[in-house]
Amino acid sequence: MRNVAIIEAPSVLGLRPTGVEDLPSALLGAGLAEALGARTAGRVEPPPYHPKRDAVTGVLNPDGIAAYSAALADAVGGVLDGGRFPLVLGGDCSVLLGNLLALRRRDRHGLLFLDGHTDFYQPEAEPAGEVASMELALATGRGPRVLADLEGRGPLVRDEDVVALGFRDAEESAASGMQPLPDALHAMELDTVRALGAAEAARRAVGLLNGGGAGAGYWVHLDVDVLDDALMPAVDYRQPDGLSWQELETILRTALASGAAVGLDVAIFNPRLDPDGTLTRRLADCLAGAFGGED
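Residues numbered from 1 in each chain as written. Predicted model: local features only at pLDDT ≥ 70, side-chain atom pairs only at ≥ 80, totals over all residues. Heavy atoms only, no water.

## Some remarks on the overall build of the protein chain
For the protein chain, the helix and strand inventory stands at 11 helices and eight strands. A globule of 295 residues ought to have a C-alpha radius of gyration of about 19 Å, and the protein chain, at 17 Å, matches this closely. Across its three principal directions, the C-alpha atoms of the protein chain cover 45 × 40 × 35 Å. Across the 295 residues of the protein chain, 59% fall into the buried class. Of all intrachain contacts in the protein chain linking residues separated by at least 6 positions in sequence, the fraction that spans at least 24 positions is 78%. Carbon and sulfur atoms make up 49% of the accessible area of the protein chain, which totals about 10,700 Å². Averaging the locations of the 24 positively and 43 negatively charged side chains of the protein chain gives two centres separated by 5 Å. (Helix = DSSP H or I, 4+ residues; strand = E, 2+ residues; numbered from the N terminus. Rg over C-alpha atoms; globule rule 2.2 N^0.38 Å. Buried < 20%, exposed > 50% of the residue type's maximum accessible area, 1.4 Å probe, protein only. Contact = heavy atoms within 4.5 Å. Areas by Shrake-Rupley, 256 points an atom, 1.4 Å probe, with all protein chains shown as cover. Lys, Arg positive; Asp, Glu negative; His and termini not counted. Charge placed at Lys NZ, Arg CZ, Asp CG, Glu CD.)

So this is what it looks like as structure tokens:
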């Protein structure tokens, strides 16, 4: 088990304050730190939330997200400098930008993107201007400069250094006018994962990440809506189907066991939609199991 340090990142600047901000306290309350033998490495508080879409960029809270990304990058960088493995508990998916900024300050890294959605929207196609639906596009340098070129370091990750695995929104996103994923980005949608099997899909993803030019390792992003909606209904944007708990744990275990993973974030779980705590405990168990080694 890795030397894990947990950072709380309860930002919903890229979404709405509906309960996702409670994710860190819920998982910690379920005993995640104890299960991992992890230390806590602080909490990065977000600036005030503004519900009005920015007139220039077309997104919510662009300046707040930029400032938060820098602060979160500082926290992640501190954990990395201390020789520990950062586990960042979001928040919405916009926290990915701060995590990748921490890595971009150092070297070229890859990204394993586990999400039920591809989150590649451009502002004009995203109905509410939510960065939580755009973070992969922004991380690869597409979108308003204030977020797509953080600290003048954009893109934070190159197309060819990304594997998007487990998504199932291709039809919906195309109908909404989302820009297509670039050809260089490695896309493994849910049907592909099912055809290969979770273990083989994960091994192939790790092989792509380790075999590319991002020799410094890769970050793992987990949006819990990659799980089957019947198993994980405590998310704000629901869609049918998804991974089983065992499939997700297998993928995470394989990704973390390779030795090249340098950090992990967890986003989008909404504890307010889990009143008895059953899903919170199951998610904590899955994460703890993922650090146990490859299947």
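After that view of the structure, there is still more to cover.
## Some remarks on helix α11 (residues 278-290)
Look at α11: 19 Å from first C-alpha to last across 13 residues, which is about the 18 Å you get at 1.5 Å a residue. Taken together, the buried positions of α11 are Leu279, Thr280, Leu283, Ala284, Cys286, Leu287, Ala288, Gly289 and Ala290. Looking at the buried positions of α11, the neighbouring elements they touch are α1 (23-29), α2 (32-36), β7 (218-223), α10 (245-257) and β8 (261-267). (Expected span 1.5 Å × (residues − 1).)

## Some details on the packing of aromatic side chains
For the coordinates displayed, the defined rule picks out one aromatic pair. For the ring pair Phe85 and Phe291, a centre distance of 5.7 Å and an interplane angle of 85 degrees mean the geometry is edge-to-face. Here Phe85, found in strand β3 (residues 85-90), pairs with Phe291, found in the segment after α11; they are 206 residues apart in sequence, far enough to count as distant. Of the residues examined, Phe291 reaches a relative accessible area of 5% and is grouped as buried. (Phe/Tyr/Trp six-rings, centres within 6.5 Å; stacked < 30°, edge-to-face > 60°.)

## Observations regarding the pattern of salt bridges
In total, this model carries 18 salt bridges according to the counting rule given. The partner of Glu21 in a salt bridge is Arg272, and the shortest N-O contact between them spans 3.3 Å. Remark: Arg272 occurs in the loop between β8 and α11 and Glu21 occurs in the loop between β1 (4-9) and α1; sequence separation between them is 251 residues. The class for Glu21 is buried, based on a relative accessible area of 17%. (Salt bridge = Lys/Arg side-chain N within 4 Å of Asp/Glu carboxyl O.)

## Observations concerning the environment of Asp241
Tracing the chain through its elements places Asp241 in the loop between β7 and α10. Asp241 sits in the partly exposed class, given a relative accessible area of 34%. It is 4.7 Å that separates the C-alpha atoms of Asp241 and Asp228, two residues lying 13 residues apart in sequence. Once residues within four sequence positions are removed from consideration, Asp241 is found in contact with Arg168, Leu190, Arg194, Leu227, Asp228 and Asp229.

## Re the pairing of β8
Here β8 lies mainly inside the structure; seven of its seven residues are buried. As judged from the three bridges shared by β3 and β8, these two strands associate in the parallel manner. In the sheet register, Val88 faces β8, and the bridge partner there is Asp265. Pairing of β7 with β8, which is carried by six bridges, proceeds in the parallel orientation. Its bridge partner being in β8, His221 is matched across the sheet by Asp265. Following the backbone out of β7, through α10 and into the adjacent parallel β8, one traces a crossover that is right-handed. (Pairing = 2+ DSSP bridges. Right-handed = clockwise from strand over helix to strand, strands pointing away.)

## Topic: empty space enclosed by the protein
Think of a ball as big as a water molecule: rolled over the atoms, this probe shows where empty space is left. On inspection of all chains with the given rule, the structure shows one cavity of 30 Å³ or more. Leu100, Leu103, Arg104, Asp107, Arg108, His109, Gly110, Leu156 and Val157 together form the lining of the largest cavity. Element by element, the count of residues in the lining of the largest cavity is highest for helix α4 (residues 95-104), at three residues. Class assignment for the residues of the lining of the largest cavity results in four nonpolar, two polar and three charged. (1 Å grid on protein atoms, 1.4 Å probe; cavity = no way out; pocket = protein on both sides within 12 Å on 5 of 7 lines; lining within 4 Å. Points joined across faces, edges and corners; volume = space filled by probe spheres on them. Nonpolar A, V, L, I, M, F, W, Y, C, P; charged D, E, K, R; others polar.)

## Here we look at the side chain of Glu130
Take Glu130: it is sitting in the loop between β4 (110-114) and α5 (135-139). A residue is classified by how much of its surface remains accessible, and Glu130, at 2% relative accessible area, is buried. Of note is the side chain of Glu130, whose polar atom sits 3.0 Å from the side chain of Arg16. Among residues more than four places away in sequence, those in contact with Glu130 are Gly14, Leu15, Arg16, Leu60 and Tyr237. (Polar contact = N/O pair within 3.5 Å; in protein donor to acceptor, adjacent residues only side chain to side chain.)

## Here we look at the layout of surface pockets
Computed from the structure, the largest pocket encloses a volume of approximately 320 Å³. Taken together, 22 residues form the lining of the largest pocket, with His117, Asp119, Ser133, Glu172 and Tyr237 sitting closest to its centre.

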